[in-house]
Amino acid sequence: MSYLYHWPRFLVLLAFVASGVFIHFRGRVRHKLSRQLLDHSTIMAPYNALMYLFSAVPNKPFVEMKHFPALEPLRDNWEMIRDEAMLLFDEGYIRAAEKYNDLGFNSFFRTGWKRFYLKWYGDFLPSAETLCPKTAKLLASIPSVNAAMFALLPPGARLVAHRDPFAGSLRYHLGLSTPNSEACRIVVDGQLYYWKDGEPVVFDETYIHRAENQTNQQRLILFCDVERPLSNRVMGWINRTIGHGMVRAAATQNVEGEKVGVLNKLFGYAYQFRLLGKRVKAWNRTAYYVIKWVLLGSVAYAVFLRV
């Protein structure tokens, strides 16, 4: 009867595998299988599959603005938002993280991407309420905005193809100061969009997407996570309570002294091992991949198979 003892963990494993396969084949653009296996979207696959199943808006790369009437005040006040953002930029507040404490966007900083957080799945950052009070007040009047920041993509910057891990939200971009050119663009599941001053767009960031600025002008936008509308009230509660709680753990700071979430605290320590791994890889790529897969296999065995 020992199989009765093991079947719950095999069901968990099966759910991960089935949802992971679904995530991999969702959309027209895919990662290589070796990358998808280690991608954070695979870890989140069971949760995300539920979000897609109960989504009250179309499951496609770009979602029409008509589904988000509550966001209209942002477009209507884009010039006010732009003015506060430009003042922040001029004073040097829109910048990369000074420490390894921004897990979600750490890789973006390497190509010059910069940000200033306004809100992150909870309260507004104190620096945002002080430095851009009008934008903070406007965002506070729209409960469906879970997170917001100003994001800058400088000339020549390029963000490689990636997918974000959390499907409980959708991504909103509002052009503030942009090149207004196809040479400064985002491509979501193979579909191109280029930012324009005063124009909003909503897309599903869990599709593979990439961005680049091939102009000589910076691109500055308001960047928001908007709660995904769901067709089931229970799933809505799960998303707001459990999903937001998970993402809230990735909170970080604009200035010293602001709260840093537990995931980013752990990331700061874990990144030291990442730096060690890079040194091992530079020394011997074969040894690096052998160690990597042995460690991953050991973790998988301990979680799913060990008695």
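It should be noted that the structure appears before, not after, this text.
So, here is what we can say about the structure in this document. Predicted model only: the values in this text are computed from it and were never measured.

**Examining the pattern of salt bridges**
- Counted under the stated rule, the structure contains 15 salt bridges.
- Between R75 and D76 there is a salt bridge whose closest N-O contact spans 3.5 Å.
- Given the relative accessible area of 54%, D76 is considered exposed.
- For the salt bridge of D204 with R228, the shortest nitrogen-to-oxygen distance reads 3.1 Å. With D204 in the loop between β8 (200–203) and β9 (209–213) and R228 in the loop between β10 (219–227) and α9 (233–248), this residue pair connects regions lying 24 residues apart in the sequence. Each member of the pair, D204 together with R228, is buried.
- Linked by salt bridges that have partners in common, D164, R171, E205 and D225 make up one network.

**Concerning the sheet that holds strand β6 (residues 184–188)**
- Taken together, 4 strands build an open sheet; the order of strands is β4-β9-β6-β7 and the sheet is antiparallel. Of all strands in the sheet, those with a lone pairing partner are β4 (158–162) and β7 (191–194), marking the two edges. Along the sheet, successive strands turn relative to each other by an average axial angle of 15°, direction set aside.
- Bridging between β6 and β9 involves 5 bridges; their strand directions are antiparallel.

**Focus: unusual backbone geometry**
- Positive phi values are uncommon outside glycine, yet Y121 reaches one of about 45°.
- Counting through the fold element by element, Y121 comes out in the loop between β2 (114–120) and α7 (126–131).
- Judged by relative accessible area, which is 3%, Y121 ranks as buried.
- With a phi angle near 50°, D189 is a residue other than glycine that sits in the positive phi range.
- Locating D189 in the fold gives a position in the loop between β6 and β7.

**Things to note about the nonpolar core**
- Among the nonpolar cores identified, the biggest contains 72 residues, and L74, W120, F150 and L222 are the most heavily contacted of them.
- Of all the elements, strand β3 (residues 145–153) adds the most residues to this core, at 8 residues.

**Re a nonpolar patch on the surface**
- Together, L103, V262, L263 and L266 make up a nonpolar patch on the protein surface, roughly 340 Å² of accessible area in all.
- Inspection of the secondary structure assignment puts L103 in the loop between α6 (78–90) and β2.
- The partly exposed category is assigned to L103, whose relative accessible area is 39%.

**Focus: the packing of helix α4 (residues 45–53) against α9**
- Relative orientation of the contacting elements α4 and α9 amounts to 145°, with a least axis distance of 12 Å. As for the relative orientation of α4 and α9, their crossing is left-handed in sense. Here Y47, L50 and M51 of α4 come into contact with α9, specifically with M235, I238, N239, G243 and M246.
- Taken together, the residues of the contact of α4 with α9 break down into 6 nonpolar, 2 polar and no charged.

Cut-offs applied
Residues numbered from 1 in each chain as written. Predicted model: local features only at pLDDT ≥ 70, side-chain atom pairs only at ≥ 80, totals over all residues. Heavy atoms only, no water. Salt bridge = Lys/Arg side-chain N within 4 Å of Asp/Glu carboxyl O. Buried < 20%, exposed > 50% of the residue type's maximum accessible area, 1.4 Å probe, protein only. Helix = DSSP H or I, 4+ residues; strand = E, 2+ residues; numbered from the N terminus. Pairing = 2+ DSSP bridges. Axes fitted to C-alpha atoms, helices over the stretch in contact; angles between N-to-C directions. Core = buried A, V, L, I, M, F, W, Y, C linked by side-chain atoms within 4.5 Å. Patch = residues over 30% accessible without salt bridge, like charges linked within 9 Å, V, L, I, M, F, W, Y side chains within 5 Å. Areas by Shrake-Rupley, 256 points an atom, 1.4 Å probe, with all protein chains shown as cover. Left-handed = near helix turned anticlockwise from the far one by under 90°. Contact = heavy atoms within 4.5 Å. Nonpolar A, V, L, I, M, F, W, Y, C, P; charged D, E, K, R; others polar.

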